[in-house]
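Descriptive analysis of the structure
Below are the chains, spelled out letter by letter.
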Amino acid sequence: MKAGLEIRRTTIIAVATLAAATMLNPLEAAALDADAARALARQSNCFKCHAIDKKKDGPAWKEVARKFKGKPDAEAKLTKHITSGAKVKLEDGTEDEHPIVKSKDAAAIRNLVDWILSL
Amino acid sequence: MDESPVKQSLVGRLRDFFFRPSSLSLIAVVAIGMVSGLVFWGGFNTGMEATNSLAFCVSCHEMRDTVFQEYKETIHYKNRSGVRAICSDCHVPRDWGHKFVRKVQASQELYVKFVTGAIDTPEKFESKRMELAQHVWQTMKESDSRECRNCHSWEAMDPKKQHPRGRNKMAQGQKEGKTCIDCHKGVAHLLPKEFKEDEEE
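Residues numbered from 1 in each chain as written. Chains lettered and ligands numbered in written order. Predicted model: local features only at pLDDT ≥ 70, side-chain atom pairs only at ≥ 80, totals over all residues. Heavy atoms only, no water.

Summing up its helical and strand segments, chain A has five helices and two strands in all. Ordered by position from N to C terminus, the α and β elements of chain A give α-α-α-α-β-β-α. Buried positions account for 30% of the 119 residues belonging to chain A. Counting contacts in chain A only where the partners sit at least 6 residues apart, residues at least 24 apart contribute 48% of the total. Within the structure as shown, chain A displays about 8000 Å² of accessible surface, and the carbon and sulfur contribution to it stands at 61%. (Helix = DSSP H or I, 4+ residues; strand = E, 2+ residues; numbered from the N terminus. Buried < 20%, exposed > 50% of the residue type's maximum accessible area, 1.4 Å probe, protein only. Contact = heavy atoms within 4.5 Å. Areas by Shrake-Rupley, 256 points an atom, 1.4 Å probe, with all protein chains shown as cover.)

Next up, the structure:
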């Protein structure tokens, strides 16, 4: 009887801890897949103009992550940026459409966006 | 005297066939030679051309279930102008000499298909994708992207019609003496997972 109560108490604590951890860290519900994000970035030719830490023709992604840090609409804005062909200004002053990411899978695009924001 | 016919050996008969002057007229010999030549050459070339068709390439599941599916999503398969580049346009040289050499090399691919089975499942194909891609990239680099240039050329390119970003990159590539495949990898297929771009970090 006493052993049964002990098991029930342990189960309740474990479930409560797991629930709290999930609520505290929403990213845990959909963990980032950095390898998949990089693969999609390569396939979409992102690295032709961007690098993670270094400024190329486009800004470094760490810089992008810094710029959007703490902004609630960061994910929506960045998603639009890489899926809509929005105008961007190039170094020489000319304007061009930002290329569209080569995937129609919303989850894969979200993974890429979240990965960039996590840098 | 009774002469019994002497039975000739096979070698003897062959020697006579090829080297003994014929009783046929010169015109008949030349005409037979020309017709046989045409039939032989036509048949050989038609057979070789048949192995250049898209249908032939995807008749093997190794190609049909992997690279063909990826290629169908790319601009080389379907585009606004309706011009299609099929497998052989990029992977088989057009001029006869190089094409013949490539076809002989393809016998190795038949060996893999029918004997080793090294890429006969999608998993096995994935594990070999980098190696396979590197072979193709190396070949394209060595030929100065000859097969790309069957359709694309600097002369026919109008930079004014390119996006500014692409225009800048193309001008830079031309100045640096780069060849198409240096920058345009994974154009018609997925890039291998082990592949890394220059300066990702």
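Formed by 18 residues in total, the largest nonpolar core has its most connected members in Trp61, Leu112, Trp115 and Ile116 of chain A. Where this core is concerned, the elements lending two or more residues are helix 2 (34-43), helix 3 (61-68), helix 4 (74-83) and helix 5 (106-117) of chain A. Looking at which element gives the most residues to this core, the answer is helix 5 of chain A, with five residues. Counting residues in hydrophobic clusters, the runner-up holds seven residues, among them Ala133, Met140, Ile181 and Phe195 of chain B. (Core = buried A, V, L, I, M, F, W, Y, C linked by side-chain atoms within 4.5 Å.)

Another aspect to go through is the packing of helix 4 of chain A against helix 5 of chain A. Residues and elements named next belong to chain A. Axis separation between helix 4 and helix 5 bottoms out at 10 Å; the angle between their running directions is 120°. By the angle between their directions, the pair helix 4 and helix 5 is classed as oblique. For the crossing formed where helix 4 meets helix 5, the hand is right-handed. Contact with helix 4, carried on its side by Ala74, Glu75, Leu78, Thr79, Ile82 and Thr83, involves Ile109, Arg110, Leu112, Val113, Asp114, Ile116 and Leu117 of helix 5 and no other residues of that element. For the contact of helix 4 with helix 5, the per-class residue count stands at eight nonpolar, two polar and three charged. (Axes fitted to C-alpha atoms, helices over the stretch in contact; angles between N-to-C directions. Parallel < 35°, antiparallel > 145°, perpendicular 65-115°, else oblique. Left-handed = near helix turned anticlockwise from the far one by under 90°. Nonpolar A, V, L, I, M, F, W, Y, C, P; charged D, E, K, R; others polar.)

Before going further, it helps to spend a moment on the packing of aromatic side chains. Taken as a whole, this structure holds 13 aromatic pairs over all chains when the rule is applied. Between the aromatic rings of Phe47 of chain A and Trp61 of chain A, the centroid separation amounts to 5.3 Å while the plane-to-plane angle is 50°, which identifies the pairing as tilted. You can see Phe47 of chain A sitting in the loop between helix 2 and helix 3 and its partner Trp61 of chain A sitting in helix 3, a full 14 residues away along the chain. In this structure Trp61 of chain A comes out as buried when scored by relative accessible area, which is 5%. Each ring, one from Phe44 of chain B and one from Phe100 of chain B, has its centre 6.1 Å from the other, and the planes form 50°; the classification is tilted. Of the two residues, Phe44 of chain B is situated in helix 2 (residues 26-50) and Phe100 of chain B in helix 7 (residues 96-116); the sequence distance between them amounts to 56 residues. For Phe44 of chain B, a relative accessible area of 31% puts it in the partly exposed group. Here the aromatic residues Phe40, Trp41, Phe44, Trp96 and Phe100 of chain B are joined through ring pairs into a cluster of three or more. Cation over ring: Lys113 of chain B sits above Phe114 of chain B, and NZ or CZ is 5.9 Å from the ring centre. Between the NZ or CZ atom of Lys185 of chain B and the centre of the ring of Trp137 of chain B, over which it lies, the distance is 5.5 Å. (Phe/Tyr/Trp six-rings, centres within 6.5 Å; stacked < 30°, edge-to-face > 60°. Lys NZ or Arg CZ within 6 Å of the ring centre and 35° of its normal.)

Let us look at unusual backbone geometry. Residue and element names in this part refer to chain B. For Asp144, which is not a glycine, the phi torsion comes out positive at approximately 55°. Note that Asp144 resides in the loop between helix 8 (122-142) and helix 9 (164-175). What makes Asp144 partly exposed here is its relative accessible area of 40%.

Let us now look at the confidence of the model for chain A. Residue and element names in this part refer to chain A. Per-residue confidence for chain A gives a mean pLDDT of 82, with 75% of residues at or over 70. Element-level pLDDT for chain A is lowest in helix 1 (residues 2-24), with a mean of 54, against a maximum mean of 95 in helix 5. In this model, residues 18-29 is a region of pLDDT below 50 whose contacts with residues beyond four sequence positions or in other chains number one contact. (pLDDT = per-residue confidence, 0-100.)

Attention now goes to the interface of chain B and chain A. Each partner contributes to the interface: chain B provides 19 residues, whereas chain A provides 23 residues. Summing both sides of the interface, chain B and chain A together bury roughly 1700 Å²; the carbon and sulfur share of this comes to 41%. A per-residue breakdown of the area chain B buries against chain A is headed by Arg165, Glu200 and Glu201 of chain B, which together make up 35% of the total. If you look at where chain B meets chain A, you find seven salt bridges. For Glu200 of chain B, the salt bridge identified is with Arg38 of chain A, shortest N-O distance 3.0 Å. Here chain B and chain A share 17 residue pairs in polar contact (both at pLDDT 80 or more) between them. (Buried area = accessible area lost by both parts, 1.4 Å probe. Salt bridge = Lys/Arg side-chain N within 4 Å of Asp/Glu carboxyl O. Polar contact = N/O pair within 3.5 Å; in protein donor to acceptor, adjacent residues only side chain to side chain.)

Turning next to a nonpolar patch on the surface. Residues and elements named next belong to chain B. A grouping of Phe40, Trp41, Phe44, Trp96, Phe100 and Val104 is seen on the molecular surface, where their side chains present a nonpolar patch of about 600 Å² in accessible area. Relative to the elements of secondary structure, Phe40 occurs in helix 2. Classification of Phe40 as exposed rests on a relative accessible area of 59%. (Patch = residues over 30% accessible without salt bridge, like charges linked within 9 Å, V, L, I, M, F, W, Y side chains within 5 Å.)

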